[in-house]
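# Geometric and topological summary
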Amino acid sequence: MTPRLTVLGNPGHRRVTLFAAAARAAGLPEPAVLPWLDVLRGDYRLPEDGLLRIESPGEEALVDELLRGPALGPSYAPTRVEGTAAWYAGVTAALRELAGRPGVRLLGDPEEIAVMFDKRRAHALLAAAGVPVPRALGGEVTGWEQLRGRLATAGLRRVFVKPAHGSSASGVTALQFGPRGQILATTSVELADGLLHNSLRVRQYRGEREVAEIIDRLAPDGLHVEQWIPKAAQSGRSADLRVVVVAGRATHAVVRTSAQPMTNLHLGGARGSLDLAREAAGPAWPALLETAERAAACFPGSLMVGVDVLPTAGWRRALVGEVNAFGDLLPNLTGLPGGPAEGLDTYGAQLAALTGATGRTTGRATGTPLPTPTDHQITEPSR
């Protein structure tokens with residue numbers, strides 16, 4: 001018998017409502033909702049004798065203000081880019097507090113979520129496990145002058161500069177240097193009155209003063225810098241893959257294409273053709289999925305991992321760009337044909353794996369068994 005499910009999330013958010021719809025479709029009781037806002041305020045009661053699914057705290061103004069507001073002070077605005085270190089500290093502290101409560105059974109490992117939400121730690125973990133990842137600039141980035149000098153020493157002329165705890169490409173800057181020292185930074189960051197704001201319009205900065213100001217303002221929250229890998233193309237646009245891995249198996253994949261370096265759909269990216277991607281990859285397609293499974297295997301306590309796979313030109317090999325603890329928000333996407341989640345959306349696939357409704361719940365590449373919810377004891381993450 002499946003235990004009663006509760007979702008730690010933002011009431012009314014589509015993540016919560018889509019998961020509830022999948023539960024109803026599977027014949028399960030409607031999941032209860034534990035609001036993130038109540039948890040962060042310390043005013044909540046934990047469910048008894050059930051499983052607690054951890055959902056993203058994002059896209060809720062009051063939650064965001066509670067997490068990032070104190071770090072940004074009177075200039076706080078939901079569109080501000082900075083404050084991700086405070087956000088990360090607040091979220092991970094809340095999950096550790098929850099995990100320390102007697103009898104709490106979490107569907108997902110808070111420590112693994114903490115690693116996935118630190119791009120530096122996640123990259124190091126994947127690299128140590130032999131998962132192919134882009135070359136990264138190790139160590140702390142303190143600001144523009146230091147970054148520019150280190151990139152010159154490393155011989156890196158095209159890189160992505162990413163906030164270590166960012167998501168949805170917030171603050172991500174694709175940076176390249178020309179042969180005569182020219183600078184081109186492509187980003188969704190809008191620099192206004194010395195503050196950084198998210199924008200739905202990708203823009204370019206060519207002046208070193210503006211680029212330096214962006215990097216200097218982001219550096220205190222932590223930065224991850226990695227080599228810009230030329231991606232495969234589809235219909236004349238750069239393309240990558242978001243692969244959802246459930247219980248060790250690649251169950252869903254979506255092609256993301258863009259004329260910009262960032263393929264995020266909210267920044268003008270578009271879903272590409274999975275059939276064309278499979279055709280272009282040919283016999284290499286199973287290896288692309290296996291790359292995602294190898295990345296997910298580094299997080300054995302997580303039922304679901306969203307993996308950003310970067311196919312190189314020709315679709316013959318791939319690297320892992322990022323891993324996502326909440327990378328399953330892909331509405332209207334059903335499972336890969338012939339796979340364990342065919343006909344199911346990402347939430348239905350997780351419920352099927354959890355309830356044993358599918359017999360294929362071991363990792364094809366790793367033999368990883370279905371993660372079993374347990375009482376988690378969380379230790380302080382290594383720095």
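In what follows, the structure referred to is the one given above.
Description of the structure in this document. (Residues numbered from 1 in each chain as written. Predicted model: local features only at pLDDT ≥ 70, side-chain atom pairs only at ≥ 80, totals over all residues. Heavy atoms only, no water.)

Check the secondary structure of the chain and you find 11 helices and 16 strands. The globule rule puts the C-alpha radius of gyration for 383 residues at 21 Å, and the 21 Å found for the chain is close to it. Per-residue burial over the chain gives 56% buried out of 383 residues. Taking contacts inside the chain between residues at least 6 apart in sequence as the whole, the part at least 24 apart equals 64%. Per element, the accessible surface of the chain, about 16200 Å² overall, is 51% carbon and sulfur. (Helix = DSSP H or I, 4+ residues; strand = E, 2+ residues; numbered from the N terminus. Rg over C-alpha atoms; globule rule 2.2 N^0.38 Å. Buried < 20%, exposed > 50% of the residue type's maximum accessible area, 1.4 Å probe, protein only. Contact = heavy atoms within 4.5 Å. Areas by Shrake-Rupley, 256 points an atom, 1.4 Å probe, with all protein chains shown as cover.)

Our focus in this paragraph is the sheet that holds strand S10 (residues 223–227). Taken in spatial order, the six strands of this open sheet run S5-S10-S6-S7-S8-S9, and their pairing is antiparallel. With partners counted over all chains shown, the strands left at the sheet margins are strand S5 (136–137) and strand S9 (195–205), one partner each. Examined bridge by bridge, strand S6 (residues 158–163) and strand S7 (residues 173–177) share four bridges and lie antiparallel to one another. Looking at S7, one finds that Arg158 is bridged to Gln176. Against the sheet, helix H6 (residues 119–128) engages S5, S6 and S10, with an angle of about 45° to S10. (Pairing = 2+ DSSP bridges. Axes fitted to C-alpha atoms, helices over the stretch in contact; angles between N-to-C directions.)

The backbone of Asp193 shows a phi angle near 55°, a positive value even though the residue is not glycine. Relative to the helices and strands, Asp193 is located in the loop between strand S8 (183–192) and S9. Although it is not a glycine, Ser235 sits at a positive phi angle of roughly 55°. Here Ser235 is to be found in the loop between strand S11 (232–234) and strand S12 (237–246).

Now for empty space enclosed by the protein. Under the definition given, this model contains five cavities of 30 Å³ or more. Here the largest cavity defines a volume of roughly 160 Å³. If you go around the largest cavity, you meet 14 residues; those closest to its centre are Ile54, Leu107, Gly108, Met304 and Ala325. Across the lining of the largest cavity, the residue classes tally to eight nonpolar, three polar and three charged. (1 Å grid on protein atoms, 1.4 Å probe; cavity = no way out; pocket = protein on both sides within 12 Å on 5 of 7 lines; lining within 4 Å. Points joined across faces, edges and corners; volume = space filled by probe spheres on them. Nonpolar A, V, L, I, M, F, W, Y, C, P; charged D, E, K, R; others polar.)

Another point: the packing of helix H1 (residues 14–25) against helix H11 (residues 346–355). Viewed as axis vectors pointing N to C, H1 and H11 meet at an angle of 50°, and their least axial separation amounts to 8 Å. The angle between H1 and H11 falls in the class oblique. Every pair of crossing elements has a handedness; the one defined by H1 and H11 is right-handed. Contact with H1, carried on its side by Arg15, Leu18, Phe19, Ala22 and Ala23, involves Tyr347, Gly348 and Leu351 of H11 and no other residues of that element. Looking at the contact of H1 with H11 residue by residue, the classes come out as six nonpolar, one polar and one charged. (Parallel < 35°, antiparallel > 145°, perpendicular 65-115°, else oblique. Left-handed = near helix turned anticlockwise from the far one by under 90°.)

One open sheet holds the four strands; their spatial order is S2-S1-S3-S4, and the pairing between them is parallel. Either end of the sheet is taken by a strand with one partner, and the two such strands are strand S2 (32–35) and strand S4 (106–107).

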